[in-house]
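One letter stands for each residue in the lines below.
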Amino acid sequence: SQPLATAVRLPDMLPDIARESIWCHFSFPGRGNKTLNMVEELGESIFNSLVPLELLKCLKQEDAEQLEEFNYNTGALSECWQDSLKYYQSFLFQSVSFYNSTIKELQEVEDFMGFKPSAERLTPNLQMIPTNLHIQRIHVSSSEGTD
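Summarised in this report is the structure supplied together with it. (Residues numbered from 1 in each chain as written. Predicted model: local features only at pLDDT ≥ 70, side-chain atom pairs only at ≥ 80, totals over all residues. Heavy atoms only, no water.)

## Examining the overall build of the protein
Inclusion rule: By definition, any uninterrupted DSSP run of H or I lasting at least four residues is a helix, any uninterrupted run of E lasting at least two residues is a strand, and each is numbered from the N terminus. Exposed residues in this analysis have more than 50% of their type's maximum accessible area, buried residues have under 20%, and partly exposed residues fall in between, with area computed by a 1.4 Å probe over protein chains only. Residues count as neighbours in contact if any of their non-hydrogen atoms are within 4.5 Å of one another. Shrake-Rupley sampling with a 1.4 Å probe provides the accessible areas, and residues are treated as covered by the protein chains on show and by no other component.
Of the regular secondary structure elements, the protein holds three helices and three strands. Moving toward the C terminus, one meets the helices and strands of the protein in the order α-β-β-α-α-β. For the protein, the residues scored as buried account for 27% of the 147 residues in total. Summarising the internal contacts of the protein: among those between residues at least 6 apart in sequence, 63% fall at separations of at least 24. Accessible area of the protein: about 10200 Å², with a carbon and sulfur share of 56%.

## A closer look at the nonpolar core
Buried together is how nonpolar side chains tend to be arranged in soluble globular proteins. The test is simple: Note on terminology: a nonpolar core comprises buried Ala, Val, Leu, Ile, Met, Phe, Trp, Tyr and Cys residues joined through side-chain atoms within 4.5 Å.
Listed in full, the five residues of the largest apolar core are L53, L56, Y99, I103 and L106. At the level of secondary structure, the elements contributing two or more residues to this core comprise α2 (47–72) and α3 (79–110). In terms of residue count, α3 provides more of this core than any other element does, three residues in total. Each residue touching Y99, except ones within four places of it in the same chain, is listed here: L56, L59, K60 and D63.

## Notes on the pattern of salt bridges
This is how it is decided: One speaks of a salt bridge when a side-chain nitrogen belonging to Lys or Arg is within 4 Å of a carboxyl oxygen belonging to Asp or Glu.
All chains considered together, the criterion is met by one salt bridge. For E54, the salt bridge is made with K57, and the minimal N-O distance between the two is 3.8 Å. With a gap of three residues between them, E54 and K57 both fall in helix α2, about one helical turn apart. Under the relative-accessibility criterion, E54 is labelled partly exposed at 38%.

## A look at the side chain of N37
Keep this limit in mind: Each polar contact in these results corresponds to two N or O atoms within 3.5 Å; when the atoms are within protein, one needs to be able to donate a hydrogen and the other to accept it, and residues that are neighboring in sequence are counted only if both atoms are side-chain atoms.
Looking at where N37 falls in the secondary structure, it is placed in strand β2 (residues 35–45). What makes N37 buried here is its relative accessible area of 15%. A polar side-chain atom of N37 sits 3.0 Å from a polar atom in the side chain of S27.

## Focus: the environment of Q136
Of note, Q136 is situated in strand β3 (residues 134–142). In this structure the C-alpha to C-alpha distance between Q136 and E40, which are 96 residues apart in sequence, comes to 7.2 Å. In contact with Q136, not counting residues within four places along its chain, are E40, E41 and L42.

## Some details on the packing of aromatic side chains
For clarity, the cut-off: Only Phe, Tyr and Trp rings are paired, with Trp represented by its six-membered ring, and only when their centres lie within 6.5 Å; those with planes under 30 degrees apart are stacked, over 60 edge-to-face, the remainder tilted.
Evaluation of the coordinates by the stated rule reveals four aromatic pairs. Consider the rings of Y88 and F91, whose centres lie 6.1 Å apart with planes at 25°: the pair is stacked. You can see Y88 and its partner F91 sitting in helix α3, three residues apart, about one turn around the helix. Look at F91 and you get partly exposed, because its relative accessible area is 42%. A ring pair is formed by F98 and Y99, whose centres lie 6.0 Å apart and whose planes are at 55°; its orientation type is tilted. Three or more aromatic residues link up through ring pairs in this structure, and these residues are F70, Y88 and F91.

## A short note on a negative patch on the surface
For the record, the criterion: Patch membership is restricted to residues that have no salt bridge and whose relative accessible area is over 30%. Joining uses 9 Å for like charges and 5 Å for the nonpolar side chains Val, Leu, Ile, Met, Phe, Trp and Tyr. Only four residue types enter the tally: Lys and Arg on the positive side, Asp and Glu on the negative side, with His and both chain ends excluded. Where a charge lies is defined by one atom per residue type: Lys uses NZ, Arg uses CZ, Asp uses CG and Glu uses CD.
Taken together, E62, E65, E68 and E69 make up a surface patch of like negative charges. Structurally, E65 is set in helix α2.

As structure tokens, this is what we get:
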């Protein structure tokens, strides 16, 4: 019988959407002298950190553009509206600052971040990262080489 790694072409199972894959191989007896081979791969999705990071970047850009628009395109306003505008500008500035710091934190943990267990779902700097999100693929073949 041919080696399982060649029969399944393991690197092709979860190409560019998973990292830190875990491989498990199981063999089960079948009828007669046949064996049923199963290869399972669990991997962390690259989207665990990519999607929250891109969302934060979009929100930051949107608020920064609004802040810039209010700073440069606002004409003369009455005193009542000036106070409201200052309050909203302050809010937008704080939002942009928050997005910047959160993006920085995510980028720092992104490279070495692995599977996030449920116990970490309340960790403040990891709350935007999905919990228990993984990709799984299973390949089953018989000892005769049929899938």
